[in-house]
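# Structural features, examined
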Amino acid sequence: MSDKNMSEKSKLDKNKSDKNTSEKLQKVLANNGVGSRREMEKWIEQGRVSVNGKIASLGDRVEMHDQIRVDGHQISRQKERSPCRVLMYNKPEGVICSLKDPDGRPTVFDRLPRLVGERWIGIGRLDINTSGLLLFTNDGELANRLMHPSYEIEREYAVRVFGEVTPAILRTLTKGVELEDGVAKFNAIHVRPNEDEGLNHWFNVTLSEGRNREVRRLWESQGLKVSRLMRVRYGNLEMFKRLPQGAWVELELSTVNELRNMAKLPPETETKVHEQDKLDHTKLSRMRRSLRKHKQTKVVGQRQRAKTRSRK
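One structure accompanies this document, and this report is about it. Only a predicted model underlies this, so the values are computations on that prediction, with no experimental measurement involved. Once a new chain begins, its residue numbering starts again from 1 and follows that chain's sequence as written. The predicted nature of this model means local features are confined to residues of pLDDT at least 70 and side-chain atom pairs, given and counted, to a pLDDT of 80 or more, with totals for whole chains, interfaces and linings taken over all residues. Neither water nor hydrogens contribute to the side-chain values; these are computed over all heavy atoms in the structure.

## Quick word on the pairing of strand 10 (residues 155-162)
Counting buried positions along strand 10 gives seven out of eight residues, so the element sits mostly inside the fold. Here a strand pair is declared whenever DSSP counts at least two bridges between the two strands. Under the DSSP-based scheme used, a helix requires at least four consecutive residues in state H or I and a strand at least two consecutive residues in state E, with every element numbered from the N terminus. Pairing between strand 10 and strand 14 (residues 200-207): eight bridges, direction antiparallel. Counterpart to Phe162 in the pairing with strand 14 is Asn200. Note: strand 10 against strand 15 (residues 225-234), eight bridges, orientation antiparallel. Of the residues in strand 15, the one forming a bridge with Arg160 is Arg228. Here's how the labels work: a residue is buried when its accessible area is under 20% of the maximum for its type, exposed when over 50%, partly exposed in between, all with a 1.4 Å probe on protein chains only.

Here it is, written out as structure tokens:
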């Protein structure tokens, strides 16, 4: 073999070796709990991330010895070894999914337990008028996979529709409807028994993607209005029936690993929850007291801010 060929082979071998020991930058950031992989891709494109003092580009790979900074703050790679944790939260209507709101509206993050050196990442979103099952994790890779359309994680919603729903409309909604962002459809529609609410009818619907307001837009495409919407299942995980609105519970290891299996990730071996707490009368009472106290504190804070604004 010529010296030139040997040199090219050596470069190829080195590139393969580098890829075996390095990881994509957005994946590393997600695994550190900085945010979801999609969010990290946006931050990299916005120039908020640097590697070894240089502004990073989308597609960069990093190794353990590389120094990563986000908005000038160094990221410790030790956090990647934190055990995967997942919370189940029962979102009420009127609460937004943003981390903060300039208008002072309540957010889903207000009452979550505090984390040191990492943060909770919402697995998908629910709009302000939608309630029900919302999951949070400190594992960015798990969040990314459970939200990504390629994994086809099924979501189920209970929906109350106002208007006359014909068999033809139900067939159309399962066959496919052209929306502004492409064709969408329900995987299945289950007609619930009529609860004598006049022109309001309840259905359970399933779909395998999480586009913005997709359930509402599908029904609206048929001239119908959604008057109530609740998410009741994400993948194989159903909402705990007795979990109060606004309350959360941390999932035990076996349930976390069911989610990781759906996302084709290896099982977690560590947990902070040794046995799933039963939602008995004592625990439920404690949750409700905590919720009432939080609401009272929120109301007092809103009144104080209103007074401050009126004085200006």
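Now that the structure has been shown, the text picks up again.
## Some remarks on the sheet that holds strand 3 (residues 54-55)
Adjacent strands of a sheet form backbone hydrogen bonds with each other and so pair up, either parallel or antiparallel. Pairing in this open sheet of four strands is antiparallel, and the strands run 3-2-5-6 from one edge to the other. If you trace the sheet from one side to the other, it starts and ends with strand 3 and strand 6 (73-74), each paired once.

## Notes on the pattern of salt bridges
Think of a salt bridge as a Lys or Arg side-chain nitrogen and an Asp or Glu carboxyl oxygen that are within 4 Å of each other. As enumerated under the stated definition, the model contains 18 salt bridges in all. Residue Glu250 is joined to Arg85 by a salt bridge in which the shortest nitrogen-to-oxygen separation is 2.8 Å. With Glu250 in strand 17 (residues 248-250) and Arg85 in the loop between strand 6 and strand 7 (86-91), the pair connects residues that are 165 residues apart, well separated along the chain. The two residues Glu250 and Arg85 agree in class, both being buried. With a closest N to O distance of 2.8 Å, Glu141 and Arg145 form a salt bridge. Note that Glu141 and Arg145 are positioned in helix 4 (residues 140-147) at a spacing of four residues, about one turn of the helix. The residues Glu141 and Arg145 share a single accessibility class, namely buried. What you see here is one network of salt bridges that share partners, running through Glu180, Asp181, Glu209, Arg211, Glu214 and Arg217.

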